[in-house]
Amino acid sequence: MPVSGLKAEVDPAEVGLDADRLQRIDGHFARYVDDGRLAGWLLTVSRHGRLAHVSRYGARDRESGLPVEPDTLWRIYSMSKPITSVAAMMLYEEGAFELTDPVSAFIPSFADLRVFTGGSDEKPVTVPATEPVRIWHLLTHTAGLTYGFHRTHPVDAMYRAAGFDSGGTSVDLAQACDLWAGLPLLFQPGAEWNYSVATDVLGRVVEVASRQSLDAFFAERILAPLGMTDTGFWAPADQASRLAALYGRGASGKVGRLSALGDAFRRPPDMLSGGGGLVSTAADYHRFTQLLLDRRSSPAGELDGVRLLSPRTVAYMGRNHLPGGRDLATFGRPLNAESPMRGSGFGLGFAVVIDPAAGKVDCSPGELSWGGAASTAFWIDQSEELTVSFFTQLIPSSAYPIRSQLRQLVYQALI
C-alpha cells in the first residue's frame, strides 16, 4: 500500500528502478503479515537522493486493529548507534578529541581496566589491560565491552548481575559507565570485535566533551537541524498512540506482544542510551540516511543546506577500521549482531561491506548499514546512490532473514 504523507518523489524508472520489480518486495513482505510472522512494516527506497518507493502493510498494533501509518513511531534500538557516532564525529571535527585518545580522559573510571582470562562470572580471573580503551575502540566495538543479553560469556553474566540485560536500567548514563568500567573486558582493547555497550559509553563521551546531556546535544545539533522532529528517547504522552506495539518470537516460534519491554519507551528513561534508546519515524530516519549519502549533486555530510560533517569525515567513517582489513567473521565473536559477518568489516559506527561475494547476498563494496533489535534495518549504497530503510517491531532481529531477503529483492529492481 503506498504511504501518503511520506510519498515517492519520482517515478522509479527515472532513477533506474523497475516499478513492477519493486512490487515484488511488497508482495514478499505482505506474506510475513498475512501468515502472522510480523504485525506490520514500512519500507522506503530512494535513489540519487529521491524517494522512489514507499510502502506499508499491516498493523502497528495488531490487538487494537491500528494500521501502520506514515507517522508511526518505531523503536529503532541499535539504529540509534549511527546517530551517536555522527555526534561523536562532529565533536572530532571540532577538535574535542583525537580518535586515539583514551576514554579515561573523559570518563576517569575507565583508567586501570582489567581483562577476563578465565574462571567464572562469580570468580573471574583477570589481568590488567595492556593499553587503554580509546575512542576508536568505542566507535568500532573493539573495546572489549559486551552486552548482558548475549549470554555467551561469563562477563555477559556479570553485566546481567549488575542490572544490564535486555530491559531498562535504574541508573543514569554516567553511573552505567562507571559500573561497566568496574567489570572485566572480554579481551585486550583492539584485539577482537564484540557487539557491546561501547556506543553507550561513546554517548557519555559526547556528553562530557560537549558539556550537554545526550538528548540536548542530539536535539540541538542533529535532530532540529535535519528536521527530524519525531525522533527522541521516548514517545511523549500526546504522541504515544503513534508508537507501534512491540512483539517477540519465542523459541516455539510463536509471536506474542512484549508489553512491558515495549512500554518502557512511553516514558523518559533513566539512562539516555545512544546505543539503543531512540524512537523515530521512517521520514526522520530517511533524512538521516540522506545526510550520509554521497550524491554527485551534493557531497555527504550535508542535507538541505545544513552541513553536519565534512565529506571526508563521512568517507573515513565508511572505511573498514578493523585491523588488517579483516571482516567480522574472522575478527569478531561468533554471535548475532545487526549485520552479516562474512564479507563485512566495521567502520566508525556502521558495518561496511568489503567483499560482496563472501556474504552471498547482492550488495556493493563500501555499503554502510546497521539495524535494530526489533528487526529494523537500513543501508546506504554510495556507489548506486541508493538508500533503503525497513521498519517493523519484532524481537529478536534474527527471527527471520528479513535483511538478506530485503537486499535480494531491492537489488533485483535496479535496472
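The rules behind these values
Residues numbered from 1 in each chain as written. Predicted model: local features only at pLDDT ≥ 70, side-chain atom pairs only at ≥ 80, totals over all residues. Heavy atoms only, no water. Axes fitted to C-alpha atoms, helices over the stretch in contact; angles between N-to-C directions. Helix = DSSP H or I, 4+ residues; strand = E, 2+ residues; numbered from the N terminus. Parallel < 35°, antiparallel > 145°, perpendicular 65-115°, else oblique. Left-handed = near helix turned anticlockwise from the far one by under 90°. Contact = heavy atoms within 4.5 Å. Pairing = 2+ DSSP bridges. Expected span 1.5 Å × (residues − 1). Buried < 20%, exposed > 50% of the residue type's maximum accessible area, 1.4 Å probe, protein only. Phe/Tyr/Trp six-rings, centres within 6.5 Å; stacked < 30°, edge-to-face > 60°. Lys NZ or Arg CZ within 6 Å of the ring centre and 35° of its normal. Salt bridge = Lys/Arg side-chain N within 4 Å of Asp/Glu carboxyl O. Polar contact = N/O pair within 3.5 Å; in protein donor to acceptor, adjacent residues only side chain to side chain.

Examining the packing of helix 1 (residues 19-34) against helix 13 (residues 402-411)
When two helices pack together, their arrangement is given by the angle between the helix axes and the distance between those axes. Put simply, helix 1 and helix 13 touch, their axes get as near as 9 Å, and they point 155° apart. Classified by the angle their axes make, helix 1 and helix 13 are roughly antiparallel. When the axes of helix 1 and helix 13 are compared, the crossing they make is right-handed. Between helix 1, through R24, I25, H28, F29 and Y32, and helix 13, the contact on the second element is made entirely by I402, Q405, L406, L409 and V410.

So, the sheet that holds strand 17 (residues 394-395)
Spatially, 8-7-17 is the arrangement adopted by the three strands of the open sheet, whose pairing is mixed. Single-partner strands in this sheet number two, and they are strand 8 (255-257) and strand 17. When strand 7 (residues 247-249) meets strand 8, the two strands line up antiparallel, connected through three bridges. Counted as the bridge partner of R249 is V255 from strand 8.

Some details on helix 6 (residues 198-210)
Under the 1.5 Å per step criterion, the end-to-end length of helix 6 is 18 Å for 13 residues, consistent within 8% with the ideal 18 Å. Burial within helix 6 is extensive, with eleven of its 13 residues counted as buried. Regarding helix 6, the residues found buried are A198, T199, D200, V201, L202, G203, V205, V206, E207, A209 and S210. At its buried positions, helix 6 is contacted by helix 2 (81-93), helix 3 (135-140), helix 5 (173-181) and helix 7 (214-226). After helix 6 finishes, the residue R211 shows a positive phi value of roughly 60°.

Here we look at the packing of aromatic side chains
How two aromatic rings sit relative to each other is set out by the distance from centre to centre and by the angle between their planes. A full pass over the atoms with the stated rule returns 20 aromatic pairs. Ring geometry for F97 and F106: centres 6.0 Å apart, planes at 85°, overall edge-to-face. Centre to centre, the rings of Y147 and F149 are 4.4 Å apart; their planes meet at 20°, and the pair counts as stacked. Among the residues examined, Y147 registers a relative accessible area of 10% and is labelled buried. The partly exposed category is assigned to F149, whose relative accessible area is 36%. Of the aromatic side chains, those joined through ring pairs into one cluster are F29, Y32, W41, Y57, F390 and Y400. The lysine or arginine in question, R407, covers the ring of W379, its NZ or CZ lying 4.6 Å from the ring centre.

Structural notes on the pattern of salt bridges
Under the definition given, this model contains 16 salt bridges. In this structure, E207 engages R204 in a salt bridge whose closest nitrogen and oxygen atoms are separated by 2.9 Å. Residue E207 and its partner R204 are located together in helix 6, separated by three residues, close to a single helical turn. A salt bridge links D230 to R242; its shortest N-O distance comes to 3.1 Å. Placement of the pair is D230 in the loop between helix 7 and strand 7 and R242 in the loop between helix 7 and strand 7, with a sequence separation of twelve residues.

Side note on the sheet that holds strand 12 (residues 344-346)
One key point about sheets: their strands pair by backbone hydrogen bonds, in either a parallel or an antiparallel sense. Strands sit in the order 3-2-1-16-15-14-13-12 across an open sheet of eight strands; the sheet is antiparallel. Two strands in the sheet have a free side with no partner beyond their single neighbour: strand 3 (66-67) and strand 12. The strands touched by helix 1 within the sheet are strand 1 (40-47), strand 2 (50-61) and strand 16 (386-391), with strand 2 carrying the most contacts at an inclination of about 10°.

Brief notes about the environment of R307
Looking at the element boundaries, R307 is found in strand 11 (residues 306-307). Counting along the chain gives 282 residues from R307 to I25, while the straight-line C-alpha distance between them is 33 Å. Residues within four places of R307 in sequence aside, it is in contact with P299, A300, G301 and E302. A polar side-chain atom of R307 sits 2.9 Å from the main-chain carbonyl oxygen of A300.

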